[in-house]
Protein chains: 2
Amino acid sequence: MAKKSTRGPERERRREDALTRERIVDAAIALLDADGEDGLTFRALAASLATGPGAIYWHVTNKGELLVAATDAVVARTMGEVRGSTRPHEAIHRIALGVFDAIEAHPWVGAQLSRAPWETAMLRIYERLGRQVEALGVRGRAQFTAASTLLGYVIGVSVQNATASQFARRELAPSTNRVDFLEAAAARWSELDAREYPFTRSVAAHLPGHDDRKEFLAGIDLILAGIAGRPISSSAT
Amino acid sequence: MAKKSTRGPERERRREDALTRERIVDAAIALLDADGEDGLTFRALAASLATGPGAIYWHVTNKGELLVAATDAVVARTMGEVRGSTRPHEAIHRIALGVFDAIEAHPWVGAQLSRAPWETAMLRIYERLGRQVEALGVRGRAQFTAASTLLGYVIGVSVQNATASQFARRELAPSTNRVDFLEAAAARWSELDAREYPFTRSVAAHLPGHDDRKEFLAGIDLILAGIAGRPISSSAT
DNA sequence: ACCTGAACACCGTTCAAGT
DNA sequence: ACCTGAACACCGTTCAAGT
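What you see is a predicted model, and the numbers here were worked out from it, not measured in a lab. Numbers given for residues are sequential positions, taken from 1 along each chain in its written order. Chain letters and ligand numbers both follow the written order, the letters beginning at A and the numbers at 1. Where local features are concerned, this predicted model is filtered to residues with pLDDT of at least 70; where side-chain atom pairs are given and counted, the filter is 80 or more; whole-chain, interface and lining totals use all residues. The basis for every side-chain value is the complete set of heavy atoms in the structure, and neither hydrogens nor water enter the calculation.

### Notes on the protein's contact with DNA strand C
- As a structural note, the neighbourhood of DNA strand C is formed by 19 residues, with Arg43 and Lys63 of chain A together with Thr51, Trp58 and His59 of chain B the closest of them.
- For DNA strand C, the backbone makes up 50% of the atoms found within 4 Å of the protein, where backbone means sugar plus phosphate.
- We call two N or O atoms a polar contact when they sit within 3.5 Å, provided that within protein one can donate a hydrogen and the other can accept it, with sequence-adjacent residues counted only if both atoms are side-chain atoms. Here a base nitrogen of DNA strand C sits 2.5 Å away from a polar atom, N or O, in the side chain of arginine 43 of chain A.
- At 3.4 Å from a phosphate oxygen of DNA strand C is found a main-chain nitrogen or oxygen belonging to leucine 19 of chain B.
- Looking at the surface near DNA strand C, the element that brings in the most residues is helix α3 (residues 53-59) of chain B, giving 5 residues. The rule for a residue being near a molecule or strand is that one of its heavy atoms must lie within 4 Å of it. Helix and strand definitions follow DSSP, with helices as H or I runs of at least four residues and strands as E runs of at least two, each counted in order from the N terminus.

### Some details on the side chain of histidine 210 of chain B
- Looking at where histidine 210 of chain B falls in the secondary structure, it is placed in the loop between α10 (198-203) and α11 (212-229).
- Those residues in contact with histidine 210 of chain B, other than ones at most four positions away along the chain, are Arg141 and Phe144 of chain A together with Arg178, Leu182 and Glu215 of chain B. Contacts are residue-level and defined by heavy atoms, with any inter-residue pair within 4.5 Å sufficient.

### Looking at the relation of the copies chain B and chain A
- C-alpha atoms of residues with pLDDT of at least 70 in both copies form the basis for the least-squares superposition of the copies. Of the two same-sequence chains, chain B is brought onto chain A (RMSD 0.0 Å, axial shift 0.0 Å) by a rotation of 180°. With respect to symmetry, the two chain copies, as superposed, fit the operation of a two-fold axis.
- Same-surface contact between copies: 100% of interface residues of chain B are shared with the interface of chain A.

### Brief notes about the confidence of the model for chain A
- The quantity known as pLDDT measures the predictor's confidence residue by residue, on a range of 0 to 100. Looking at chain A as a whole, the pLDDT averages 89, with 88% of positions reaching at least 70.
- Across residues 1-14 of chain A, where pLDDT falls below 50, the model places 11 contacts with residues more than four positions away in sequence or in other chains.

### Points about the pattern of salt bridges
Residues and elements named next belong to chain A.
- Whenever Lys or Arg places a side-chain nitrogen within 4 Å of a carboxyl oxygen from Asp or Glu, that contact is recorded as a salt bridge. Applying the stated criterion to the full structure yields 20 salt bridges over all chains.
- For arginine 115, the salt bridge is made with glutamate 37, and the minimal N-O distance between the two is 3.0 Å. Of this pair, arginine 115 sits in helix α6 (residues 107-115) while glutamate 37 sits in the loop between α1 (21-35) and α2 (42-49); the two residues are 78 residues apart in sequence, bridging distant segments of the chain.
- For arginine 115, a relative accessible area of 40% translates into the label partly exposed.
- We classify glutamate 37 as partly exposed; its relative accessible area is 28%. Note on classification: 1.4 Å probe, protein chains only; a residue is buried when its accessible area is under 20% of the maximum for its type, exposed when over 50%, partly exposed between these limits.

Given below as structure tokens:
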């Protein structure tokens, strides 16, 4: 991806304040977490590393690559922290919640995963989910479909959830608590035009007392039920 | 949302070249479709409307609002064009494919839906899916879960698919056709580290000959099977 | 009421010059 | 090899001035 900063046993300049790709990525993550996506600026990053913007370009090709690297670092750490389980169903829950919580904690990760879904970060998640699909007994081509469906759902809902949370925290007074927020949303849904939005109106009553993470897992369970209900094997290619 | 340009029977300046919110949004959509998200610039937009950037700000609060309006216009049109069906299963397929194709045709719509999921555009899709969930016989709180799961999956997969297509068209030579692209992707997956990515490697063989839209619908069917397999009703709130 | 376009503050990125 | 920081090209947005 980028120029390696160490190739072979060259001049060992191990000053502890040396600028490395790793330090840059860590600083970028800190900025991203603190000030959101707009907070990551080459000037701000340079300031936090006590250099000029140009210095960063020696280690990193451009801003896009920096975002990819930051995202991959967070996702790799997250996947590493997910506890395993002998029961595939439970293991899938844990992987899914790991992603969900990571994106909630770092909303920019969600945006980045949608922007560059072919990068390693996405593959890491896919691999983890896929192994459990295999453990579930799914075989052949159906593995591919099952894992892809889970991945699409997990990323999609996690991103939407994180964006909505951000909105709740920012647009509304940050003091507004979750209960009040859900009630406000329910009130808004109830005021929608009765002819255009009959379903949304009727379902508004279920909004308060609603738990995002539980709802998220309920969706996973729907997919898992669908997977289990199908002919579970078929010969490979 | 913004200042209305007509309120009451004021001065009727119906010159056909008058700047209206509608014309601005249409021009924005054209720019977005032609040059992607980066193509929408207040300067470029002003040029295409033969005015200065400042003029646009009289009709539209800022760029964010413009993106919201453009997205809503595309989604509203898309939902209007979806053919109905007496069979809920089929109706859901059509709604889902409508969204899928719209985002493939206008990738910026996908990015925007992820960025502001609480806007009307998302509600339009939710409402359509929800009605069919109702038609499926789901009752009470389960309606909420089923509709939300479908929405999360549909948006998530559509966005990922559109971004991947863009990547294929841009990064690879645009001449590369779909078959070659899938084979290249499969080759890449097969070269992954065997210890870290056993599942992804093993599933690479299924990548060629893979049809995105069919795979997308297969995922929908998994969810629908899950919905059907559950206790289908429960008393309302 | 509505439009014009210069000006402001801020970006990502480059690059000649340093060590 | 690696860093510095001014400079370039470009943005979103504002606003005094026009009609």
